[in-house]
Amino acid sequence: MAAINIPKFRTSSTSFPELSARGLVEELDMMKNGSYPSTTTHPFETYTESPSEAHPLVLAKLYAMMEAVADRVEMHKNIGEQRNNWNSLLLTSINTITLAAATMAAIAATGVAGSPLVALKLASTLMYLGATGMLVIMNKIQPSQLAEEQRNAARLFKQLHGEIQTTIAIGNPTVRDVKEAMDKVLALDQAYPLPLLGKMLEKFPASVEPAVWWPQQGQKSQVKGLGRKMDKNGWNAELEEEMREVVGVLRKNDKADYLRLGEKALKLNKVLAFCGPLLTGLAAVGSAFVGYPSHGSWAVVLGVVGGALASVVNTFEHGGQVGMVFEMYRSNAGFFKLMEESVEANLKERDVERRENGELFQLKVALQLGRSLSELKELADSSAQKGNDFEEFGSKLF
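Residues numbered from 1 in each chain as written. Predicted model: local features only at pLDDT ≥ 70, side-chain atom pairs only at ≥ 80, totals over all residues. Heavy atoms only, no water.

Per an unreviewed UniProt entry, the chain carries the name F-box protein and comes from Escallonia herrerae.

In C-alpha cells, the structure reads:
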C-alpha cells in the first residue's frame, strides 16, 4: 500500500485594487461638468515627475529603445558575418575561375588545331569575361569594407544599449534622455545603412573624411546622483586647460595620422581595383587569339600571364582586405573627432552647472585614451611645454 501525502498550502488573502464601476461616458460627463470631487485624481491629468520617481512613460520609451537597439545589434552582426562570407567566397571563386582559364589558355597553346583548340579557347575566354564581370562588382561593393562597417555598427549599437541601461540604473531619466537616445539611434542608422542599393556608403570617395555616427553635439546633461553638490560641477581652470591641450594633441597627431594612412589605403585600393579587371580583360583578349600563327607568342603570354597576375592582384586586394583597412582608419579618425567635439562642446558652455561633471568627464577621456589620470595630466603638460614640436600620440590603445 502506498500513501499519497498532499502538501498543505497556506492560503493568503490577496487584495486587488478597487476598480471604478463608472463607464467612460460617465467619466467624460463628469469631466465636462467639472463635478470631480476634490479627492479624486483627474484621469487625464498630466503626470508630474517627482524627484525620486521617473515618469512611467519615459521608462517605457527607454525600454522600447533598448529592445530596438538590441535587435539592431543582432541585425548588424548577422549581416556583417554574411558580407564577410561574401568576401571569402567571391575571392575563392574568382581566383579559381581565373587560374582555370589561364590553364586552359596554356593547354590550347600547346595543342593541335581543330575542335579541341576552339573549345579550350572559347572556354578560357568566357571564363575570363565572367571573372572580369564578377571582379568589377566585387571591387565596387568591397565586401571586406562592408563587413567592417557592420562590425563597427554592431559595436556602437551595443555601446548605446549600455548607455541607456546606465541612464535607467542611475535613476530619474527625463524626456531629454529619450530624445538624446533617439537621435543617437537615427544617427547610427544613417552612418551605417543596412541595404546596399541606393544607400551604400561610397567606397572610393574623392577625399578621406572621418566617419561620423553621432548627432550634433548639444548641451550636455548632468549625471544625477553624485551624492553631493560639487564645487563648480567638478570644473576648474586647470582642468579646462588640460582638456584643451589633450584636444590639440588628438587633432594634430592622432586624427591627422589616421587620415594620412586612410589616404594611402584609399589610393592603393583604387589602383588594385582598376588593375584586377584590366588584367582579366586583357587575358580574355589574349586567350581568344591563342593558336593563330600570325599573332606569335604574345597572345599566349597575355592569356596566361595576365590571368596569373590578376589572381595575385585580386588576392592582395581582397585577401589582404585593403577596403577593411581603409574603413578602420576612417573609423579611428572619427573616434578622435568625436572626442574633440565632445570636449569642445563642454568647454564652450559658459555655465559650468550645465556641463557634464568635470571629474567624471576627465575619467572618461582618460579611459578612452588608455591612460591613467596622472598620465593624461603629463600628456597635457608636455604638450603645453613643447607646443608644435610635441609628436607623441594621445591614445595608447590604437
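That shown, we press on.
Engineer: Looking at this structure, how should I read the packing of aromatic side chains?
Structural biologist: Applying the stated criterion to the full structure yields 6 aromatic pairs. Aromatic pair phenylalanine 289 and tryptophan 298: ring centres 6.1 Å apart, planes at 40°, arrangement tilted. Accessibility expressed as a relative area gives 33% for phenylalanine 289, which makes it partly exposed. The exposure class of tryptophan 298 is partly exposed, given its relative accessible area of 40%. Centroid distance phenylalanine 335 to phenylalanine 336: 5.3 Å. Interplanar angle 70°. Geometry classified as edge-to-face. (Phe/Tyr/Trp six-rings, centres within 6.5 Å; stacked < 30°, edge-to-face > 60°. Buried < 20%, exposed > 50% of the residue type's maximum accessible area, 1.4 Å probe, protein only.)

Engineer: Just to check I follow, could you spell out the nonpolar core for this structure?
Structural biologist: Ile164, Tyr192, Trp213, Met243, Val365 and Leu369 are the most contacted members of the largest nonpolar core, which has 46 residues in total. Elements represented by at least two residues in this core include exactly α2 (56-110), α4 (143-170), α5 (175-191), α6 (237-288), α8 (322-348), α9 (358-368) and α10 (373-386). Filtering out sequence-adjacent residues up to four positions away, tyrosine 192 remains in contact with His76, Glu149, Asn152, Ala153, Leu156, Ala211, Trp213, Glu327 and Ser331. (Core = buried A, V, L, I, M, F, W, Y, C linked by side-chain atoms within 4.5 Å. Helix = DSSP H or I, 4+ residues; strand = E, 2+ residues; numbered from the N terminus. Contact = heavy atoms within 4.5 Å.)

Engineer: Would you take a moment to explain the side chain of threonine 280 for this structure?
Structural biologist: Relative to the elements of secondary structure, threonine 280 occurs in helix α6. You can call threonine 280 buried: its relative accessible area is 0%. Polar side-chain contacts of threonine 280 include one of 2.8 Å to the side chain of threonine 132. At a separation of 2.9 Å, a polar atom in the side chain of threonine 280 contacts the main-chain carbonyl oxygen of proline 277. (Polar contact = N/O pair within 3.5 Å; in protein donor to acceptor, adjacent residues only side chain to side chain.)

Engineer: Can you walk me through the UniProt feature "transmembrane region" (unreviewed entry) in the chain in this structure?
Structural biologist: Annotation from UniProt places "transmembrane region" (unreviewed entry) at residues 89-112, 118-137, 271-292 and 298-316. Along residues 118-137 one finds 100% helix and 0% strand; the C-alpha atoms at either end are 29 Å apart. Between the end C-alpha atoms of residues 298-316 there is a gap of 26 Å, over a span that is 100% helix and 0% strand. (UniProt positions renumbered as here; feature names shortened; annotations may be inferred.)

Engineer: Just checking my understanding: could you explain unusual backbone geometry for this structure?
Structural biologist: The backbone of glutamine 142 shows a phi angle near 50°, a positive value even though the residue is not glycine. Tracing the chain through its elements places glutamine 142 in the loop between α3 (115-141) and α4. For glutamine 142, a relative accessible area of 0% corresponds to the buried category.

Engineer: For this particular structure, what's the right way to read the packing of α2 against helix α7 (residues 298-319)?
Structural biologist: In a packed pair of helices, the relevant descriptors are the angle between the two axes and the axis-to-axis distance. One way to put it is that α2 packs onto α7 with a least axis distance of 8 Å and a crossing angle of 165°. The angle between α2 and α7 places the two elements in the roughly antiparallel class. Our pair here, α2 against α7, has a crossing hand that is left-handed. Along the contact surface, α2 presents Asn87, Leu91, Ile94, Asn95, Thr98, Leu99, Ala102, Ala105, Ala106 and Ala109, while α7 presents Val300, Gly303, Val304, Gly307, Ala310, Ser311, Asn314, Thr315, His318 and Gly319. Here the residues of the contact of α2 with α7 sort into 10 nonpolar, 10 polar and no charged. (Axes fitted to C-alpha atoms, helices over the stretch in contact; angles between N-to-C directions. Parallel < 35°, antiparallel > 145°, perpendicular 65-115°, else oblique. Left-handed = near helix turned anticlockwise from the far one by under 90°. Nonpolar A, V, L, I, M, F, W, Y, C, P; charged D, E, K, R; others polar.)

Engineer: Mind showing me how you'd approach the pattern of salt bridges here?
Structural biologist: Two side chains carrying opposite charge are able to pair once their charged atoms lie near each other. According to the stated counting rule, one finds 17 salt bridges in the structure shown. Of the charged contacts in the structure, one is a salt bridge between aspartate 183 and lysine 179, with a shortest N-O distance of 3.0 Å. Of this pair, aspartate 183 and lysine 179 both sit in helix α5, 4 residues apart, which is roughly one turn of the helix. For aspartate 183, a relative accessible area of 29% puts it in the partly exposed group. (Salt bridge = Lys/Arg side-chain N within 4 Å of Asp/Glu carboxyl O.)

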